[in-house]
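One-letter residues, chain by chain:
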Amino acid sequence: MRWKRAAGRALLVCSLLFAGSAGAQAGEPAAGSDGRGPITLVTGGDLTGYLRGVLDGWNDRHPREKVTLVELPDAADEVRAQMVTELRSHSDRFDVLNIDVAWTSEFAAAGWITPVDGRQFPLDHFLPPVVDTATFRGRLYAVPYVTNAGLLYYRKDVLDREGVRPPRTWAELARLAKTVAPKYGLDGYAGQFLPYEGLTANVVEAVQSAGGTVLAGEGTRVTVDSPAARRGLSFLLDGVREGWIPQRALTYKEEESRKAFQGGRLLFLRNWPYAYALANAESSKVAGKFGAVPLPGPDGPGSSALGGSNLAVNAHSQHPKTAAELISYLTTESVQRRVLTEGALPPVWADLYTDPKLVRRFPYLPTLKRSVLAARPRLKSPQYDQVSLAVQAVMHDALVHRRSTDATVARLTRELRAIVGRG
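Note that the coordinates shown come from a computational prediction; the quantities given were computed from them, not determined experimentally.

Scoring rules and cut-offs
The numbers attached to residues start from 1 for each chain and follow its sequence in the written order. Totals for whole chains, interfaces and linings use every residue, but because this is a predicted model, local features are given only for residues with pLDDT of at least 70 and side-chain atom pairs only at 80 or more, for both listing and counting. Only hydrogens and water are set aside when side-chain values are computed; all heavy atoms of the structure are taken into account. Just so you know, the domain bounds were taken from an automatic or database domain assignment. What makes two residues a contact is simply this: any of their non-hydrogen atoms within 4.5 Å. What gets called buried area is simply the loss in accessible area from a 1.4 Å probe that two parts show on being joined, summed for both. We define a salt bridge as a contact between a side-chain nitrogen of Lys or Arg and a carboxyl oxygen of Asp or Glu at a distance within 4 Å. Each polar contact in these results corresponds to two N or O atoms within 3.5 Å; when the atoms are within protein, one needs to be able to donate a hydrogen and the other to accept it, and residues that are neighboring in sequence are counted only if both atoms are side-chain atoms. A run of DSSP states H or I qualifies as a helix once it reaches four residues; a run of E qualifies as a strand once it reaches two. Both are numbered from the N-terminal end. Polarity classes work like this: nonpolar for Ala, Val, Leu, Ile, Met, Phe, Trp, Tyr, Cys and Pro, charged for Asp, Glu, Lys and Arg, and polar for all others, with Gly in that last group. Classification of residues uses two cut-offs on accessible area relative to the type maximum, computed with a 1.4 Å probe and protein chains only: under 20% is buried, over 50% is exposed, and between them is partly exposed. Space inside and on the surface of the protein is sampled on a 1 Å grid over the protein atoms alone, with a cavity defined as a set of points where a 1.4 Å probe fits but cannot get out and a pocket as an open set with protein on both sides within 12 Å along at least 5 of 7 lines; lining residues have an atom within 4 Å of a point. Grid points are joined across faces, edges and corners, and a volume is the space filled by probe spheres set on the points. Two strands make a pair as long as DSSP finds a minimum of two bridges between them. Orientation is described by lines fitted to C-alpha atoms, with helices fitted over the stretch in contact, and by angles between N-to-C directions that extend from 0 to 180 degrees. Expected span of a helix: the number of residues minus one, times 1.5 Å. The arc in question is the one spanned by the directions pointing from the helix axis to the C-beta atoms. For this analysis, a nonpolar core means a set of buried residues of the types Ala, Val, Leu, Ile, Met, Phe, Trp, Tyr and Cys, connected via side-chain atoms within 4.5 Å.

**Thoughts on the domain arrangement of the protein**
Alright, step 1. According to the domain assignment, the protein contains domain 1 (39-148 + 307-374) and domain 2 (149-305 + 379-421).
Alright, step 2. Opposite the 21 residues of domain 1 that make contact, domain 2 presents 20 residues.
Alright, step 3. Interface area lost by domain 1 to domain 2 is led by Asn148, Tyr364 and Ser371, which between them contribute 27%.
Alright, step 4. Between domain 1 and domain 2 we count two salt bridges in total.
Alright, step 5. Linking Asp132 and Lys380 is a salt bridge whose minimum nitrogen-to-oxygen distance equals 3.2 Å.
Alright, step 6. Inspection of the region where domain 1 meets domain 2 yields five residue pairs in polar contact (both at pLDDT 80 or more).
Alright, step 7. Ranked by residues supplied to the side of domain 1 that touches domain 2, first place goes to helix α15 (residues 365-373) with five residues.
Alright, step 8. Residue composition of the side of domain 1 that touches domain 2, grouped by class: ten nonpolar, six polar and five charged.

**Focus on the environment of Arg119**
Alright, step 1. Tracing the sequence through the fold places Arg119 in the loop between α4 (104-109) and α5 (128-132).
Alright, step 2. By relative accessible area, which is 76% here, Arg119 ends up exposed.
Alright, step 3. At 2.9 Å, the side chain of Arg119 forms a polar contact with the side chain of Asp117.

**Thoughts on empty space enclosed by the protein**
It is a probe the size of a water molecule, rolled over the atoms, that shows where empty space is left.
Alright, step 1. One pass over the full model with this rule turns up two cavities of 30 Å³ or more.
Alright, step 2. Each pocket or cavity is described by its volume, and for the largest cavity that value is around 120 Å³.
Alright, step 3. Together, 13 residues line the largest cavity, and Trp170, Tyr189, Glu205, Phe235 and Leu295 are the ones closest to its centre.
Alright, step 4. The set of elements that each furnish at least two residues to the lining of the largest cavity consists of α7 (170-183), α8 (197-209) and α9 (227-242).

**A look at the sheet that holds strand β12 (residues 290-294)**
Alright, step 1. Spatial ordering of the open sheet is given by β8-β11-β7-β12, a layout of four strands whose pairing is mixed. Two strands close off the open sheet at either side, each with one partner strand: β8 (187-190) and β12. Along the sheet, successive strands turn relative to each other by an average axial angle of 15°, direction set aside.
Alright, step 2. Pairing of strand β7 (residues 151-155) with strand β11 (residues 266-271), which is carried by four bridges, proceeds in the antiparallel orientation.

**What about helix α16 (residues 384-401)?**
Alright, step 1. Compared with the 26 Å implied by 1.5 Å per residue over 18 residues, the 26 Å span of α16 between its first and last C-alpha is a close match.
Alright, step 2. Considered for burial, the residues of α16 that qualify are Tyr384, Val387, Ser388, Ala390, Val391, Gln392, Val394, Met395, His396, Ala398 and Leu399.

**Some points on α15**
It helps to recall that an α-helix has 3.6 residues per turn; residues three or four apart then point in one direction.
Alright, step 1. The complete set of buried residues in α15 reads Leu365, Thr367, Leu368, Ser371 and Val372. The buried residues of α15 occupy an angular sector of 155° when projected down its axis, which confines them to one face.

**Section: the nonpolar core**
Alright, step 1. Membership of the largest hydrophobic core comes to 135 residues, with the highest contact counts inside it found for Leu41, Phe268, Leu326 and Leu330.
Alright, step 2. Three or more residues apiece are contributed to this core by two domains, here domain 1 (39-148 + 307-374) and domain 2 (149-305 + 379-421).
Alright, step 3. In this structure, Phe268 is in contact with Leu152, Tyr153, Tyr154, Leu159, Pro167, Leu173, Leu176, Ala177, Gly188, Tyr189 and Ala190, ignoring residues within four places of it in sequence.

Given below as structure tokens:
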């Protein structure tokens, strides 16, 4: 029924646009409008409820340009599907879109979001890598709102008892996962290896930590068949073959892996910062017994795939000036502080990561800042959805069936070239 309602809305909007504003261009207000007025912000589910309070602050000061919040389901695939349905129909139902950083290139290439003027936003105050997630072909198409980077969680109590430090390299991680974990009845290492978006992030992290890439030229060239990329893929494939990545980890998404670590069943876990507070809750079996460090790499600290979300303006918004000013408001230092303290989400403002009061409350902030500064966008491609699905399918099959690195690279290269060629 949701799809039928969406289709009905799309047909209605298209009819109204054709009848009343056929002359309006994408990103321009309709005739007689100054680009200001009530707007809608669409986002995935706000799990903590902080966003409504933030938007109340805007609405109190802008009674004629109030924003209405539309929350879509929590699942990223469903959020993207509903947004794409509206955008493909040239609907102006959503003015501001809170989109996954990985969708920015795809939405920009399709003409669904409009370029924005970077001078309107405090980009100089942001962590530098996050700005790159909002660009496509040299232009700024969105504004960073929330960032994210993977961390390596480890059982501090276990490593302290063994007299060893948390691993900085893959070799150290593998050795400890193979030798120390079994002594304590623990699985060695897990990430997110079920075939979904989390697996793409894990694969990209391994490849770029080794100095390789999956795609280059903003998605125009397939580059996974390189010595560096092979080294990254081998890290994961060897882990399953050698047993320090357990078979059960191939069914894990974020929550399954977090619960395994929090339940005291894992020595090492790759996950996002949200897991820190949950693992330290009173009900957690590892509360006060773990730490978090940057992800390891082949010869030292590795490179995370940047997560998070960007704010973009619908190319068919009738009130683009108000939409841009709302984005400016949502990226102020005061709102970004609330993103962290009330929303439990990593902000994009760099100074917040060294604020003494915040560090006392969120002790992982310095580590997360280092991880974000060393991170890179997942994959930039106008065909991102197809590319990500191919990476997931090929890599999960290789992990489950213990394919060789050569076979995995050959298949991945073939399937990605077919997608890039179609693009």
